[in-house]
Amino acid sequence: MLRALRRCRPGSVPLPGLVPGPVPGLCPAWAPRAVPARGRKTRYDPPAKSKAGRVKLPPPVDPEELLVVLERYRQHRLVLSALRAEFRAEVLQRKREERLAAQGSAEELEEHRRLMAWNEEENARQRARREERLRKEEEEQKRRKLEIAEKQARKMEAFVEEKEKEVLQLQEEAKNFITPENLEARIEECLDNPRNYNFAIDKDGRIVKRTVLS
């Protein structure tokens, strides 16, 4: 294209449409009717040889990413539907009020205001009941927690008392323990007071037979 333009020489340009064919005087080797145009394939042309065996495959999709995208689209649609419903309700309410105002129906407006006031009072009453119920549930939960804490404290006190009794009993029993200091005295006491454990008892625990110490 640039080479063809370089070959053009300025000259007299006649009016278009008067002379058929290339316009003389503008460019001897180029004319508007000889402009090269890029050819386009029709739907009936065969595919190119380089792309004859190409099989178009969809791009791979990550299952985890697909689940995330679907969940986000679902949330997006839910938010949009909620916003549309809210806006639609506002528009309908405004149109209803405008229609009532245009019709001059004072009684309907008064009825609407009365119903809205009753609705607000009912909502306030239900809110008060709900708050009272929640307060009672919270107090009941606190009471249960306090009872559980008291029960745990009583259990801990009983456990401590039991362990103290065991410690006192062990301290009392420790007085009869054999120590290096009283070892000789205990040996002499055992020798002075021999005890015979070689005996038989019946079902009631009575001694029925005893051997004689030699």
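Residues numbered from 1 in each chain as written. Predicted model: local features only at pLDDT ≥ 70, side-chain atom pairs only at ≥ 80, totals over all residues. Heavy atoms only, no water.

S.K.: I tried to follow the overall build of the protein on my own but got confused; where do I start?
M.R.: The helix and strand inventory of the protein stands at four helices and two strands. Listing every helix and strand of the protein by position from the N terminus yields α-α-α-α-β-β. Taking the contacts inside the protein whose residues are at least 6 apart along the sequence as the reference set, 2% of them involve residues at least 24 apart. (Helix = DSSP H or I, 4+ residues; strand = E, 2+ residues; numbered from the N terminus. Contact = heavy atoms within 4.5 Å.)

S.K.: What's the story with a positive patch on the surface in this structure? I'm lost.
M.R.: Residues Lys41, Lys51, Arg54 and Lys56 make up a contiguous surface patch of positive charge. Among the structural elements, lysine 41 can be located in the loop between α1 (2-6) and α2 (63-103). Using a relative accessible area of 55% as the deciding quantity, one classes lysine 41 as exposed. (Patch = residues over 30% accessible without salt bridge, like charges linked within 9 Å, V, L, I, M, F, W, Y side chains within 5 Å. Areas by Shrake-Rupley, 256 points an atom, 1.4 Å probe, with all protein chains shown as cover. Salt bridge = Lys/Arg side-chain N within 4 Å of Asp/Glu carboxyl O. Lys, Arg positive; Asp, Glu negative; His and termini not counted. Charge placed at Lys NZ, Arg CZ, Asp CG, Glu CD. Buried < 20%, exposed > 50% of the residue type's maximum accessible area, 1.4 Å probe, protein only.)

S.K.: How should I be thinking about the pattern of salt bridges in this particular structure?
M.R.: Once the charged atoms of two side chains with opposite charge are near each other, the side chains can pair. Scanning the model with the defined rule gives 16 salt bridges in all. Of the charged contacts, one joins glutamate 132 and arginine 135 as a salt bridge, the two residues approaching to 2.1 Å between their closest N and O atoms. Taken as a pair, glutamate 132 and arginine 135 lie in helix α3 (residues 106-174) at a separation of three residues, close to a single helical turn. Given a relative accessible area of 31%, glutamate 132 falls into the partly exposed group. Put simply, Glu140, Arg143, Arg144 and Glu147 are held in one network by salt bridges that share partners.

S.K.: How do you make sense of a nonpolar patch on the surface when you look at a structure like this?
M.R.: Together, Val61, Leu66, Leu67 and Leu70 make up a nonpolar patch on the protein surface, roughly 390 Å² of accessible area in all. Mapped onto the elements of the fold, leucine 66 is located in helix α2.

S.K.: Looking at this structure, I do not really get the pairing of strand β2 (residues 207-210). What am I missing?
M.R.: For strand β1 (residues 199-201) and β2, the ladder comprises three bridges, and the chain directions are antiparallel. By the bridge assignment, phenylalanine 199 is partnered in β2 with arginine 210. The antiparallel pairing of β1 with β2 creates a hairpin that spans five residues between the two strands, and glycine 205 there sits at a positive phi of about 85°. (Pairing = 2+ DSSP bridges.)

S.K.: Any chance you could explain the confidence of the model for the protein here in plain terms?
M.R.: Detail in the predicted coordinates should be disregarded across regions flagged by low pLDDT. On average, residues of the protein carry a pLDDT of 81, and 80% of them reach 70 or more. Low pLDDT, under 50, characterises residues 4-28; the predicted model gives this stretch 23 contacts beyond four residues in sequence or across chains. (pLDDT = per-residue confidence, 0-100.)

S.K.: Would you mind going over the side chain of asparagine 196 with me for this structure?
M.R.: Positionally, asparagine 196 belongs in the loop between α4 (183-192) and β1. Engagement of the side chain of asparagine 196 in a polar contact is seen with the backbone nitrogen of asparagine 198, the distance being 2.9 Å. (Polar contact = N/O pair within 3.5 Å; in protein donor to acceptor, adjacent residues only side chain to side chain.)

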